[in-house]
Amino acid sequence: MNRHLGPILWVLMAFACEAAEIVSWKVPLSRYVWGVEAEKKVRLKSAPEPSPFFKDGDELWDLKDIPATQDQAATDPLPPQDVRLRTDPPLDWVVWNARSRRLVVKGDWNAIWQLHHQLGIEQLPNQCRLTAAVFEVPADGSPVTEKSMPAVFLSCVSRSGQEVEAVRQQEGKMIRVKGTANIGEDNRLVDLQLELSCALPGHPGMDLRTALSFQPGKPLWVARDFDGNKGLDLRVSTIIELTDGTPVAEAFLIQQGDTAMPIVVNRREMKRHRVGDKGWLAVQWMDPQFLSDMEPSGGAVDPFAEPPPKYGPEKPVPAGVSVPDFLKPWFNRPVLDLRELMKKSGVVDADFTGFVGYDPLAQRIFLFSNDEMELDKFEQLVSGGCNLSPRLVVVTLDGNRQTRLVTRSGVLSRLVRQSGDEKIIRSLEIEPTIGESYDLVHVRFDAVDNTKATPGELLKSAVLLRSGEPLAVLVGSAPDGKESTLRIKAEIGDVSE
């Protein structure tokens, strides 16, 4: 067991729900079971109980009493540093589903939490899948819907930090993707350097170069170019996968009714919510180790001391409780009640009447109060200040045409439409920089339009824009004699939202 787990467990030992929960992990069998000869002895004739993790025809193994390593098989009691599938209290049952290659267990939250740390889900090898899809813009210029089918798409996978290049051509259509995806340490974000080219019958070719940040599994509309009659929209998404193709987000699932739901750990910065006329709610990610360190210890901790007992010292622990109904949209399972701990630590006053809780699986601490000043104090004390999500900038040119391009602050990006002989028809090059207060954007841009509507139009400038507010940057006469206006708009977007 991880030596740091002991100090955490005293916080979690009382977190036992009224009823046991069923959860599942996608982990290799070799991580926790030794000895393939056990396969013949542990087959189950049927599932221990109905669950979305079991289906007819599954091959199920009972692993509750199977040792994890050869050393463990010869040792009783098992050495603490090698404990696998052993928890205190014990799990109700432990089953390996050979079809889905998932470990499925039933137990209270204390046992589940211990096993979750033992399995080391966060250390499983992973890689990034990149998917790019190009859509034809409707004739009226309206947004492409989620039900629309792409005209061409491509999906490829690579290790973090390794360049990938893929090309696909069929029936006069072509799409080429070249990029390098870097996965964040906590699998929360993906940074992507992207180059893309595509060709479709009846459309000018499109070439793109940009840099982006993604929340895995959340598609991003990266670019659009529309000449008033037809155009193309580009959507890009990333997914972090295990080596067998399972999304990392589905590596740890919990049964809720007849469905299996992922448990998401969101490390973005603190968020505040107005809860009707009840008050205010502040939610912040917090590592459980930091939570256990908040308990007054009466003295400094010796960093060279021996690790604490297996399950920590005997201390009073918070209770597992359900939140009030009006907070269940955010926390729909029992949480640790931290009100007394927060009072002892001085985070809230002794006469505090709100609620402070912690969801150990989602690793979120929260405070609810009808006094917003309590949230200010809470934020100052528990906000790490280093979990800010990166921002993207969406730059749009509107006039006789519409061109949109998304990039990161400080990155030079370019979108080009060209004819078959590589003559530029339209292009937009941008380099936006977000201001310190996140409301202003400095944009250097270079726009060219050689279409019939605006032949030879060129504008190269640098402007200061307030996020979301368009600015007329070029006014002139159109070929029909009417006034023509080109507007530019920059919008700042939070990747985590």
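Cut-offs used in this document
- Residues numbered from 1 in each chain as written.
- Predicted model: local features only at pLDDT ≥ 70, side-chain atom pairs only at ≥ 80, totals over all residues.
- Heavy atoms only, no water.
- Helix = DSSP H or I, 4+ residues; strand = E, 2+ residues; numbered from the N terminus.
- Contact = heavy atoms within 4.5 Å.
- Areas by Shrake-Rupley, 256 points an atom, 1.4 Å probe, with all protein chains shown as cover.
- Pairing = 2+ DSSP bridges.
- Axes fitted to C-alpha atoms, helices over the stretch in contact; angles between N-to-C directions.
- 1 Å grid on protein atoms, 1.4 Å probe; cavity = no way out; pocket = protein on both sides within 12 Å on 5 of 7 lines; lining within 4 Å.
- Points joined across faces, edges and corners; volume = space filled by probe spheres on them.
- Nonpolar A, V, L, I, M, F, W, Y, C, P; charged D, E, K, R; others polar.
- Buried < 20%, exposed > 50% of the residue type's maximum accessible area, 1.4 Å probe, protein only.
- Polar contact = N/O pair within 3.5 Å; in protein donor to acceptor, adjacent residues only side chain to side chain.
- Arc of directions from axis to C-beta.
- pLDDT = per-residue confidence, 0-100.
- Core = buried A, V, L, I, M, F, W, Y, C linked by side-chain atoms within 4.5 Å.

## Notes on the overall build of the protein
Consideration 1: Looking only at helices and strands, one finds 6 helices and 28 strands in the protein.
Consideration 2: Partitioning the intrachain contacts of the protein with sequence separation of at least 6 by distance along the chain shows that 60% fall at a separation of at least 24.
Consideration 3: Carbon and sulfur atoms provide 49% of the accessible area of the protein, an area that totals close to 24700 Å².

## Some points on the sheet that holds strand β28 (residues 483-494)
Consideration 1: Strands sit in the order β6-β5-β12-β11-β22-β21-β28-β27 across an open sheet of 8 strands; the sheet is antiparallel. Single-partner strands in this sheet number two, and they are β6 (152-158) and β27 (471-477). The sheet shows a mean angle of 15° between the axes of neighbouring strands, taken without regard to direction.
Consideration 2: Pairing analysis gives 7 bridges linking strand β21 (residues 391-398) to strand β22 (residues 402-408), with the strands arranged antiparallel.

## So, empty space enclosed by the protein
Consideration 1: Counted by the stated rule, this structure contains 3 cavities of 30 Å³ or more.
Consideration 2: Space inside the largest cavity adds up to approximately 50 Å³.
Consideration 3: When residues of the lining of the largest cavity are traced back to their parent elements, those giving at least two are β5 (126-136), β6 and β8 (173-183).
Consideration 4: Split into classes, the residues belonging to the lining of the largest cavity amount to 7 nonpolar, 3 polar and no charged.

## Looking at the sheet that holds β8
Consideration 1: Taken in spatial order, the 8 strands line up as β7-β8-β9-β10-β23-β24-β25-β26 in an open sheet, and their pairing is antiparallel. The sheet is open, and its two edges are formed by β7 (163-170) and β26 (457-466), each paired on a single side. Neighbour to neighbour, the strand axes of the sheet diverge by 15° on average, direction disregarded.
Consideration 2: Both β8 and strand β9 (residues 190-199) contribute to a ladder of 10 bridges, which runs antiparallel. By the bridge assignment, A181 is partnered in β9 with L192.

## Observations regarding the pairing of β5
Consideration 1: Across the 11 residues of β5, 8 count as buried, placing the element largely inside the fold.
Consideration 2: Sheet analysis places β5 next to strand β12 (residues 231-242), joined by 11 bridges and oriented antiparallel. Of the residues in β12, the one forming a bridge with C128 is I240.
Consideration 3: The sheet contact formed by β5 and β6 spans 7 bridges and is antiparallel. Looking across to β6, one finds that T131 is bridged to S155.

## Topic: helix α3 (residues 109-119)
Consideration 1: Counting buried residues along α3, 10 of its 11 residues qualify, which places the element largely inside the surrounding structure.
Consideration 2: Those residues of α3 lying buried are W109, N110, A111, I112, W113, Q114, L115, H116, Q118 and L119.
Consideration 3: For α3, the capping residue at the N-terminal end is D108, with a side-chain oxygen 3.0 Å from the backbone nitrogen of A111.
Consideration 4: After α3 finishes, the residue G120 shows a positive phi value of roughly 65°.

## Re helix α6 (residues 372-382)
Consideration 1: Within the sequence span of α6, burial applies to E374, L375, F378 and V382. All buried residues of α6 lie within an arc of 100° about the axis, which places them on one face of the element. Turned more than 90 degrees from where α6 packs its buried face, M373 and Q380 sit exposed.
Consideration 2: Buried residues in α6 make contact with β15 (271-275), β16 (279-285) and β20 (364-369).
Consideration 3: Regarding α6, its N-cap is D371, as a side-chain oxygen of that residue lies 3.0 Å from the backbone nitrogen of M373 further along.

## A closer look at the confidence of the model for the protein
Consideration 1: On average, residues of the protein score 82 in pLDDT, and 79% of them reach the 70 mark or higher.
Consideration 2: Every residue in residues 68-83 scores below 50 in pLDDT, and together they form 20 contacts with partners more than four places removed in sequence or on other chains.
Consideration 3: pLDDT under 50 marks residues 308-317. Its contacts with residues more than four places away, or in other chains, come to 22 contacts.

## A closer look at the nonpolar core
Consideration 1: Counting residues in hydrophobic clusters, the biggest one holds 54 residues, and the most contacted among them are I175, L196, L208, L234 and V236.
Consideration 2: One finds A111, L115, L124 and L242 within the second-largest nonpolar core, a separate group that totals 27 residues.

## So, the side chain of S213
Consideration 1: Within the secondary structure, S213 sits in strand β10 (residues 205-214).
Consideration 2: For S213, a relative accessible area of 2% translates into the label buried.
Consideration 3: At 2.5 Å, the side chain of S213 forms a polar contact with the side chain of D191.
Consideration 4: Here S213 is in contact with V190, D191, P390, L392, R408 and V495, once residues within four sequence places are set aside.

## As for unusual backbone geometry
Consideration 1: Phi angles above zero are rare outside glycine, and R101 is one such case at about 55°.
Consideration 2: Looking at the secondary structure, you find R101 in the loop between β3 (93-97) and β4 (102-107).
Consideration 3: The exposure class assigned to R101 is partly exposed, which follows from its relative accessible area of 46%.
Consideration 4: One non-glycine residue with positive phi stands out, namely Y438, at about 60°.
Consideration 5: The exposure class of Y438 is partly exposed, given its relative accessible area of 42%.

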